[in-house]
Structures are given as C-alpha cells and as structure tokens.
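Secondary and tertiary structure notes
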Amino acid sequence: MVRTFLDHGWKKWTRSVSFTKEMATTIFLGVVTLMIAAYLLAFGFFLPTLLKDALNQADPIGFLHRLLIYYFLFDFVFRYLLQSVPVVEIRPYLHLPIKRSGIIHFLLGRSLFHPLNVFVLLLLGPMAFMTVAPEQGMVVALCWIGGFWLIAFAIHFLVMLFKVKLDDTLWGIILLVTVFSGLGLADYYGWFKLSDVSKLIFDNALAGPSFLAGCFALVALIYGIAFLIFRNSIYADEVPGQDKKQYGYGDFTFLRSLGSMGEWINLELKLILRNKRPRTLLFLSAFFLLYGMIFYPNPMYTEEMPGFLLFVGIFVTGVFMINYGQYLYSWQSSHFDFTLTKPVSLREVVNSKYWLLGAVSVICFLLTIPYVFFGWHIVLTNAAMLFFNLGVNAFIIMNLAMWSPKKIDMTKGGAFNIQGVGAAQWVMGLPIFLGPYVFYLPLSLMGYPLAGTLLVGFVGLLGIMFRPWLLNMTARRLQQRKHVIAEGFRKD
Amino acid sequence: MITIQSLKKAYKGVTVVDVPELKIQFNESVGVVGNNGAGKTTLFRMILDLIRPNEGSVMINDVNVQGNDSWKQIVGSFLDEGFLIPYLTPDEYFRFVGRLHNYSPEDFKNFYAKFEDFFQGEIAGKKKYISDLSKGNLKKVGIAAAFMGNPQLVMLDEPFENLDPTSQIKLKNLLNRERQERSVTYLISSHDLNHVTEICNKIIIVEKGKVIRELDGQENMLAELEAYFKA
C-alpha cells in the first residue's frame, strides 16, 4: 500500500505538464536547502565554542536550555509559514476500498520527511557529542539530542493541527509573533523570565532515557490528536486547510463611477482580497514598508553609500507592484477567456492594471513619508523612485509578465507558493533594480549624487508623460501574445 | 452573421479543424454535432478569437474577429468555466457583465425576470461564490450571462450537459422563446441529438475537423442524425 502511494506521488510529479520547467525550480530550491543545512551544521559545530568562549558561559548547556524555548517557538512560526497541510491529494483514494486510517497514517508519516525536521539535529547534534557527552556520558547525550528531535516532530504535527484549525490565515501567526516578541522583551528587561521557565523545562533533558520517553509520549499524544482530527475531517467537502468563505466584501462601489476601467479595477481588487495568495502578498507588502527601518537609521547606508537608498526606495514604493505584477496575467488565468470574449478592449484592461499598480505604489509612497524623520533626502529619493516605478518599471513588469505566464490555482495557499514561477520571474528583478543606477551612477561618480537621483526621477516623469504611448504599446503586445497566453492558461 | 473561409488549425501536424467555407445567416439556429475530438470546441474558440488559426479567417458581420473588438458587443458566449469569474457571487458576476453592456437597473430587472424560472431559486441572491457552485449551476450562470446585452449571436458549448432534466426542458423553452421574441442567431454544440433538433433549424455534422454534412430544416433531421451516428 505504502509503495503504491509513493509510486503515485512520484508519477504525479514526473508526469505533470510542467515537469521540466519545475525541475529547474526544484533543483534550485534543493541547492538552497542544502546550503542552509550546511550553514546550520557549521553553526552547530561552532555553537559550543560560541557559548563557552565568546559568551563566557560557565554552564553552556544550562545557558542553551534557557534559550531553547525561543528556538522552538521560532521553529513553530517558521514551520507555520513553510509547511503545508498534506490532505487535498487524497481525494482520489477516498472511494476505494482502502482503510481510511491507513491513508492518514501514511500522510502524517510521509509529512515527516521534511528538511525542517533535520535542522534541529544539525544545529544541536554537534553540541550533544562535544559538550553533553563528555560531561554526562554518551547515553544522556543521545537521549538529549533524540528528545529534541522528537520535540521537533511534536511541533511538526502541532503546526499541522494549528493550520487546520486556523484555516491557514496570517492573523494567527501575527498574533503569535506579537505575543512571543512581547515575552522576549519582558525577558530582556527582566519583567518576566521566560528563559527561567525554559531552563526549568529543558534541564530535564539531562535525565537520560526518561526524558526520551517523555518526549516520545508528547509526540504520540499530538500525533494521536492530529490523527483523530484528520480522520474525522476527511470528507471531500470539508478538506482541512481550505478557506472558510466570507461573502460580499471587497466591493468598492465608488470605483463604479470611473466607468469600464473602474469596473475592472474593482474586479481585480476583489480578486486580491478574496483569494488567499494575493491577499498574503498584500499583507507582506504592508510589512515590507518597514524595510526602511533597517537602513535609514544606519549612517553606513545613508552617508557612506547613499546610492543604496535608491534600491530601498524602489523596493519600498514598488514592493506590491513587483510582487503582484510579476504574475499580472496569471492571477486571472482561470478566466482569461472571459476577458478576451467580453466587450472590453485589451487597452482598457492594460490601463486598469496600470492604474491599480500605480495607485498602490502611490499609497506605499505616502505611507513612507514618516521616514522624513531620518532626513528629507529619503523622501526625495523615494519620490524619485516612485516616479521611476510609475514611468519605467510598471511597463517593464507589465511587458515581462507576458513572457509565457503560467496558470495559478487561486485556491492554493499563499506563503512560499512557487506555482506560476517561470523564466520571467527570475529575470524581472534585474532591470527593475538596476535600471535606476544606469542613470544615477555616472552623475554620482562625477560627484553629483543628488543630481543622479533627480535624473532617475526625471526619467520616470518622462515615462509617465509618454504613458498613453507606452500603454498602447503594451496593449499591442498583449494583443499579439494573447493566443499563446490563453493556450498556456487552458493547460494545467 | 458568420463567414468562415478556408479555416485551418493543426497541432503538431494533426489537423484539428479544416473548414474551407461555412456561412451562417443571421437569425439561423445552428447546431453542431460530432463525436468527441471532432474539433467543435476548437472551431468555437477560433470563431471567438481565442485560438489563432493557422490559415483562413472568421468574419462576424463582415468584421474579421482577429484584431477587432467591436464584435464582442453583439456576441454572447459560454464555452466552459474559463468564461466565469470564480471569486464573484453570481449576482456580482451578472452585474459586472451587465455593466460591460451598459445595463441600466431596468435592464437588470428584465434580465432577472427572464431567467428567474431557469435559475429555480438557486442562483440569484445566493451568498455563494461561483467557485462553490455545482456544475449544473455553473452552466446556468454562464448561459444566462451569454444572453446579456441582447446579443445577435449566442454561442454555447454543450449547454445541456450537467443540467437536471427539469432545467434541460426549461433551457429548451427559454432558447426557443427567445427566438420567437426577437431575431437572434444560435451556434450550439451538443451530444444530445433530441435537444439539438428541437432547437435548431440547421445542423452541421463535424468529424475530424471537417464539416461532413449540413442538414437544412428537413423534417426528419433526427432520423438522419441517428442513422449517421449509428454507422
């Protein structure tokens, strides 16, 4: 049975239409994962030295135990963002004479094969043998690291439970992060010592086999709960992890007065607000407005490498335009035929998309005005970059997004979803972020950085002035490519 | 209404559609029948400029559909779920399509009145997104929307598929009533020979992308069709 499932899973992957295209992405992700694993292992070997010599801890194990609760909390949040609930794909098996519980045991068991579940071994494994084993003996060390591995499994299943119960919304995680950052601050200022609690709990990790048994019981308990919940909710119509629907929101009636263009913008706003993936993008964009906080307070960036502010400006004012725009046509892949057969010209469609991207960028810019606190030149730079985004980058994005866009299944979740990624998405970043420097660098190298920034803004203004012409050109290209794009969207 | 000239489409050397000439007059009701893989949907998509033909052209009212948008005002179509917007409720979808045809509140009222019986209380005013509707109700939404803007040409691909028996009869009546009240051209594909002969006064049999035969208003169309497909 298990072999059949594995076989089907393999066939599903190798026989999918986009197999060769996904291969590149998969290999890339694999390499990135291996790199992260290597870094973690290196850090794991370095950890004993770090704790003992660099941080001058007489009791490195005890100190580690103080921090462990934060590590596991971080692990939880990280998994919440990365891990998916593996249920939807079992539908074809539900009506066959296969034991329901067998399917679920298989699903839950297979989900354990996730790189995240090895990370704790890489990170703490070296410590177990270099520090714990010499002090406490090999048995204790093995139980110590084994117990932590089991705790990672417990978190793995706990995250799944959480995701099923919370419907995969971002609010749950935002709440968690807020609460735990609060606890962390309280710890730092000494109001409430979560690290003491952590030490109290994890000092038991040195108890040897009984600790291992305790951890095992914990995993078994959480696995049992997960098993029961999954078994009870495996009916085709109530597959866990699906969006609970609310109705009728996201209708901006004032846009109707703008005529056909307003209707299309209104439609796209509904698309963004009512589907999980673009909605997540919107939240992330709001979050990335704070990106400036990393750079602006730091004189290294503002004074020594002022050119870097251009990058920040492009990013902060254009984050939504870039993230949403790279899949500009894929978002509507499920009803692209609709767009093509209804009485609307592609010029109007392109125009409505431009205004949507532009309006959000302007809003982003307005929200970054408080950064004036760090100097007026930041607002000036951002304004220039806003112009560049509106006049140049918007058109680069709208045109590059036409480069064999892929279908996006809007029912799939948001974070770290790579569906729809193609060649265009890899290349797009280059012109968007390097473009401004083509105009900025010559003047900056001659000693006129301010003039360089102004020139970038001026180029953007030119683009905005020639907007009708650029929009016509974009619409013409879409007209030429629409058959190919529609064809691609009709395939899976 | 529709003039097709030497229209050809091939995928990887296999000819899917090959129609040297086909004319459909205004106010005709044309049924397209043919077994699976005959090229019906591909033909429909080329008429709607969704697929670029390798050769030939499609004219609607003497306007080439390729490179023009004006014909979209007078053509209503529903081929598949790609013509629906999954994240809207049916009412929002109708409102959106209606606005594209400059519908007034009065027009909307007439629209809902016309389709009230066909909807059987399951579509209008329901708080459900189109993505959550059953196959039958999806069909109903798409068909109704294809009639918005009182189009001169209505194109439907398998409109009876997935409809329950009551709805099938209602749809048949609706299609016939519409043609009694005003002049409208139909282009309808179907696997149900009974339905298609009851609605259409002309039937085109396609096979392997070619128009094999045109049956024109004969009394015994059904018998002829059955004889053809038995062989």
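Our subject is the structure that appears above.
Note that the structure is a prediction, hence the values are computed from the model and not measured.

1. Examining the overall build of chain B
Scanning chain B from terminus to terminus reveals seven helices and ten strands. Along the three orthogonal principal directions, the C-alpha set of chain B runs to about 45 × 40 × 35 Å. Sorting the 231 residues of chain B into buried and exposed places 45% on the buried side.

2. Concerning the interface of chain B and chain A
With 24 residues of chain B in contact, the opposing surface of chain A contributes 25 residues. Among the elements that make up the side of chain B that touches chain A, the one with the highest residue count is helix H2 (residues 90–100) of chain B (four residues). Looking at the side of chain B that touches chain A, its residues break down into 13 nonpolar, five polar and six charged.

3. As for the pairing of strand S1 (residues 2–11) of chain B
Here is the key point about a regular strand: its side chains alternate between the two faces of the sheet. Residues and elements named next belong to chain B. Judged from the nine bridges that link them, S1 and strand S2 (residues 14–24) form a sheet pairing that is antiparallel. Paired with Leu7 across the bridge in S2 is Val19. What sits between S1 and S2 in their antiparallel hairpin is a turn of two residues, with Lys12 showing a positive phi close to 50 degrees. In this sheet, strand S4 (residues 55–60) lies alongside S1 in antiparallel orientation, the contact comprising five bridges. Bridge assignment links Lys8 to a residue of S4, and that residue is Glu55.

4. Re the environment of Tyr223 of chain A
Residue and element names in this part refer to chain A. Mapped onto the elements, Tyr223 comes out in helix H9 (residues 209–233). Remark: the alpha-carbon pair of Tyr223 and Phe157, spanning 66 residues in sequence, is separated by 6.3 Å. Beyond its immediate stretch of four places on either side in the chain, Tyr223 contacts Leu108 and Phe157.

5. Concerning the sheet that holds S1 of chain B
Residues and elements named next belong to chain B. The antiparallel open sheet is built from four strands, whose spatial order is S2-S1-S4-S5. Edge positions in the sheet fall to S2 and strand S5 (63–64), since each of these pairs with one other strand and no more. Pairing of S4 with S5 involves two bridges; the strand directions are antiparallel. The partner of Met59 across the bridge, within S5, is Asn64. This element, helix H1 (residues 40–47), spans S1, S2 and S4 of the sheet and lies at about 60 degrees to S2.

6. A closer look at unusual backbone geometry
All names here are of chain B. Phi is positive for Ser6, close to 35 degrees, though the residue is something other than glycine. As for its placement among the helices and strands, Ser6 is situated in strand S1. Under the C-beta neighbour-count criterion, Ser6 is labelled exposed, with 12 such atoms within 10 Å. In this structure, Asn150 takes a positive phi of about 40 degrees despite not being glycine.

7. With respect to the sheet that holds strand S9 (residues 202–207) of chain B
Residues and elements named next belong to chain B. Taken together, six strands build an open sheet; the order of strands is S6-S7-S8-S3-S9-S10 and the sheet is mixed. Each edge of the open sheet is held by one strand with a lone partner, namely strand S6 (75–78) and strand S10 (210–216). Across the sheet, the mean angle from the axis of one strand to that of its neighbour is 15 degrees, orientation sign disregarded. Of the pairings in the sheet, the one linking strand S7 (residues 153–157) to strand S8 (residues 185–189) comprises five bridges and is parallel in character. The partner of Val154 across the bridge, within S8, is Tyr186.

What counts and how
- Residues numbered from 1 in each chain as written.
- Chains lettered and ligands numbered in written order.
- Predicted model: local features only at pLDDT ≥ 70, side-chain atom pairs only at ≥ 80, totals over all residues.
- Helix = DSSP H or I, 4+ residues; strand = E, 2+ residues; numbered from the N terminus.
- Buried ≥ 20, exposed ≤ 12 C-beta atoms within 10 Å, placed from the backbone.
- Contact = placed C-beta atoms within 7 Å.
- Nonpolar A, V, L, I, M, F, W, Y, C, P; charged D, E, K, R; others polar.
- Pairing = 2+ DSSP bridges.
- Axes fitted to C-alpha atoms, helices over the stretch in contact; angles between N-to-C directions.

By themselves these figures say nothing about function.
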